[in-house]
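Take a look at the letters that make up each chain.
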Amino acid sequence: MIRTILIRATLIAATLALSGLLAQPLAAQTDAPSVQVDPPDLQGSRPLEKQTEAAVIRDYLQSWQSMAAALDNNQPALLDADFVGTAHDTLAATVDEQTKLGIHTHYVARSHHLQIVFYSPEGLAIQLVDTVAYDEQIFDHDRELISQPVNARYVVVLTPSEVRWRVRFFQATPPASPAH
Amino acid sequence: MIGVRAPVLVGLVLVAASAAAAQSPGMNLPPSVTAGTAFSIPTSGSGQAILILAGPGQVLRESVSLGQPVSFAPGVLYSAGRYVAVLAQGSATDSGVFDVTPVPQPQKLSFLARPSRLPVALPNGVSGTAFVFDAYHNIITTPVPVSFQLSDSTGKAQERTVTSHDGVAWTRMNSASKEGTAKFVARAGDVASTRVIDEVPGDPCSLTLIAHPDGSKVALQTAPVRDCSGNPVPDGTIVTFTEARDGLQSTVDVPIKQDVARVDMPSWDGATISVASGIVAGNEIRWEGR
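Quick notes on the rules
Residues numbered from 1 in each chain as written. Chains lettered and ligands numbered in written order. Predicted model: local features only at pLDDT ≥ 70, side-chain atom pairs only at ≥ 80, totals over all residues. Helix = DSSP H or I, 4+ residues; strand = E, 2+ residues; numbered from the N terminus. Rg over C-alpha atoms; globule rule 2.2 N^0.38 Å. Buried ≥ 20, exposed ≤ 12 C-beta atoms within 10 Å, placed from the backbone. Contact = placed C-beta atoms within 7 Å. Nonpolar A, V, L, I, M, F, W, Y, C, P; charged D, E, K, R; others polar. Pairing = 2+ DSSP bridges. Axes fitted to C-alpha atoms, helices over the stretch in contact; angles between N-to-C directions. Domains from an automatic or database assignment. Core = buried A, V, L, I, M, F, W, Y, C linked by C-beta atoms within 7 Å. pLDDT = per-residue confidence, 0-100. Expected span 1.5 Å × (residues − 1).

**A few points about the overall build of chain B**
The number of helices and strands found in chain B is 1 helix and 24 strands. Here the C-alpha radius of gyration of chain B, 38 Å, is well above what a compact globule of 290 residues would show, namely 19 Å. Taken over the C-alpha atoms alone, chain B extends approximately 140 × 35 × 25 Å along its principal axes. Residue burial in chain B is summarised as follows: out of 290 residues, 36% are buried. Considering only residue pairs separated by 6 or more positions, chain B has 57% of its internal contacts joining residues 24 or more positions apart.

**So, the interface of chain B and chain A**
Contacts between the two partners involve 33 residues from chain B and, on the opposite side, 37 residues from chain A. Sorting the residues of the side of chain B that touches chain A by element identifies β5 (48-55), β6 (58-65), β8 (81-89), β9 (92-101), β10 (108-114), β12 (126-133) and β15 (168-173) of chain B as the ones contributing at least two each. With 5 residues, the single largest contributor to the side of chain B that touches chain A is β8 of chain B. When grouped by side-chain class, the residues that make up the side of chain B that touches chain A number 15 nonpolar, 12 polar and 6 charged.

**A few points about the sheet that holds strand β2 (residues 32-34) of chain B**
Residue and element names in this part refer to chain B. Taken in spatial order, the 5 strands make up an open sheet running β2-β9-β8-β5-β6, and their pairing is mixed. Where the open sheet ends on each side, the last strands, each with one partner, are β2 and β6. With strand direction ignored, the average angle separating the axes of adjacent strands in the sheet is 25°. Pairing of β5 with β8 involves 5 bridges; the strand directions are antiparallel. From the neighbouring strand, A54 faces β8, where its bridge partner is V84.

**Overview of the domain arrangement of chain B**
Residues and elements named next belong to chain B. Domain boundaries assigned for chain B yield domain 1 (22-101), domain 2 (108-200) and domain 3 (209-287). Relative placement of domain 2 and domain 3: their C-alpha centres are 42 Å apart. Each partner contributes to the interface: domain 2 provides 6 residues, whereas domain 3 provides 5 residues.

**Examining the nonpolar core**
If you look at the biggest cluster of nonpolar residues, it comprises 67 residues, and the most contacted ones within it are I126, L128 and V156 of chain A together with A130 of chain B. The greatest single-element share of this core, amounting to 10 residues, is contributed by helix α3 (residues 50-73) of chain A. Sequence-distant contacts of V156 of chain A, that is, excluding residues within four places in its chain, are made with Y60, Q127, L128, D130, V167, F169 and F170 of chain A. The next biggest cluster of nonpolar side chains, apart from the first, holds 28 residues, and it includes L51, A80, A88 and V100 of chain B.

**Quick word on the confidence of the model for chain A**
Mean pLDDT for chain A: 84, with 79% of residues reaching 70 or above. Here residues 1-29 of chain A scores under 50 on pLDDT; set against residues more than four positions off or in separate chains, the count is 33 contacts.

**Observations concerning helix α4 (residues 85-101) of chain A**
Under the 1.5 Å per step criterion, the end-to-end length of α4 of chain A is 24 Å for 17 residues, consistent within 8% with the ideal 24 Å. Residues T86, A87, T90, L91, T94, V95 and Q98 of chain A constitute the buried set of α4 of chain A. Where α4 of chain A is buried, its residues touch α3, β2 (103-119) and β5 (165-173) of chain A together with β6 of chain B. Count one or two residues on from α4 of chain A and you reach G102 of chain A, which has phi positive near 75°.

**Let's talk about the pairing of β6 of chain B**
Judged from the 8 bridges that link them, β5 of chain B and β6 of chain B form a sheet pairing that is antiparallel. Bridge assignment links A54 of chain B to a residue of β6 of chain B, and that residue is V59 of chain B.

**Some points on α3 of chain A**
A turn of α-helix holds 3.6 residues, and therefore any two residues three or four places apart point the same way. Spanning 24 residues, α3 of chain A covers 35 Å between terminal C-alpha atoms, matching the ideal 34 Å at 1.5 Å per step. Note on α3 of chain A: the residue one or two positions beyond its end, N74 of chain A, has a positive phi of about 55°.

**What to know about the sheet that holds strand β17 (residues 191-200) of chain B**
Sheet strands pair by backbone hydrogen bonding; their relative direction is either parallel or antiparallel. All names here are of chain B. On the basis of which strands lie adjacent, the open sheet formed by 5 strands has the order β11-β17-β16-β13-β14 and mixed pairing. Two strands bound the open sheet, and with one partner strand each, they are β11 (117-119) and β14 (157-163). For this sheet, the mean angle separating the axes of adjacent strands, direction not counted, is 25°. Relative to β17, strand β16 (residues 180-188) runs antiparallel, the two being bridged by 9 bridges. For R187, the partnering residue across the bridge sits in β17 and is A192.

**Digging into the environment of P213 of chain B**
Take P213 of chain B: it is sitting in strand β18 (residues 209-214). For the pair P213 of chain B and Q107 of chain B, spaced 106 residues apart in sequence, the C-alpha to C-alpha distance is 69 Å.

**A closer look at the environment of M67 of chain A**
Looking at the secondary structure, you find M67 of chain A in helix α3. Residue classification places M67 of chain A among the buried residues on the basis of 23 C-beta atoms within 10 Å. Taking the C-alpha atoms as reference, M67 of chain A lies 13 Å from Q171 of chain A; in sequence the two are 104 residues apart. The residues contacting M67 of chain A, other than those within four sequence positions of it, are L79, L91 and Y107 of chain A together with P56 of chain B.

This is the structure we're talking about:
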């Protein structure tokens with residue numbers, strides 16, 4: 001019954017090409033992450049339409065591209081389309097800190113394993129968990145210090161805006177944290 | 001000669017290797033740190049180096065004297081998440097990954113309660129969703145009991161405790177049978193968040209038509225109109241009076257005022273007079289002029 005969807009670069013590339021903002025990071029990224037999506041496990045909170053699920057996943061994956069571009073180029077404005085509230089403020093503060101310290105970081109996602117786990121009864125929030133594998137490269141004054149493989153389990157809350165879902169909370173937990 | 005020099009060369013190589021190992025930077029990362037707490041990272045080696053802690057939520061950069069622990073004061077590293085740490089001295093580096101975990105005590109609730117206004121006696125009509133945060137606005141992903149309490153205007157309360165799951169707890173509750181302002185409270189630990197919900201009367205439950213002769217007219221009036229929980233239906237609710245005779249029909253829409261709807265209609269002997277509001281129909285009378 002487990003449904004697995006593998007989305008390669010096409011979806012993300014097509015989405016991002018429309019925005020026109022992230023062409024450079026995409027061009028530099030030769031290997032797009034693999035994406036696996038498990039069926040929603042909503043605990044009866046609210047039925048989730050297929051279109052909504054697809055939109056949430058599309059917008060969340062794009063948010064990773066936006067975050068990577070913002071932290072790589074130290075440009076907080078790149079966060080505006082995909083992040084809002086606490087997630088936006090936190091990431092923007094990180095970009096500011098990086099700029100002050102002469103650091104930039106390059107996040108290259110290798111794989112996402114996603115599951116939507118909550119859709120609030122009134123339809124104003126969706127929560128998903130993403131077990132993600134990525135490489136984090138740290139540059140000190142443009143000198144690469146390290147490229148570190150990282151596995152993390154992200155807890156993410158998205159809320160609807162005018163035309164898309166935007167990430168409101170975004171936080172990693174250890175991969176070994178209790179499963180649902 | 002060869003037999004004499006070989007051990008010397010091996011010894012020199014070992015000494016050089018161990019010297020290099022002794023000078024290369026090293027650190028001993030804690031597996032996890034609670035957000036906002038003081039901690040230190042022991043280092044090894046000699047000379048100066050830099051230590052960078054980098055995650056999406058926060059970045060720190062410290063100058064380090066190798067061989068000394070790097071201390072971080074309370075409140076310095078507060079954003080929960082996975083961090084990469086790199087200790088660099090020239091081209092020599094040591095790196096690792098560690099976690100900053102949320103403070104387990106809730107300090108803030110983000111509480112969504114919907115709707116803000118609804119009819120009384122609606123099963124599962126009110127929903128509440130609470131996101132649980134620590135003092136640094138990190139989502140507390142460990143299970144936390146969250147109690148929801150919905151108190152109606154008389155003080156009667158429904159209460160339910162839900163354990164949060166990855167920082168979220170939610171519930172549904174019935175609206176009260178008594179109209180008025182209800183308080184919806186979510187509470188986790190010592191922190192609470194309150195929302196106000198306006199519970200209004202529902203549709204009329206039944207209609208009773210009363211008729212009196214009034215000269216050439218018939219005075220029509222409803223009995224006080226209540227919803228099915230006994231709450232007075234709000235003024236302005238439309239009641240429709242219909243009088244029919246010999247294929248002719250006369251209809252009047254009247255707003256309820258002070259619990260009742262009143263109207264005068266022509267007194268037609270043999271007419272059938274009925275009353276309705278929304279989908280609720282009242283009694284029907286046959287008017288004989290008295």
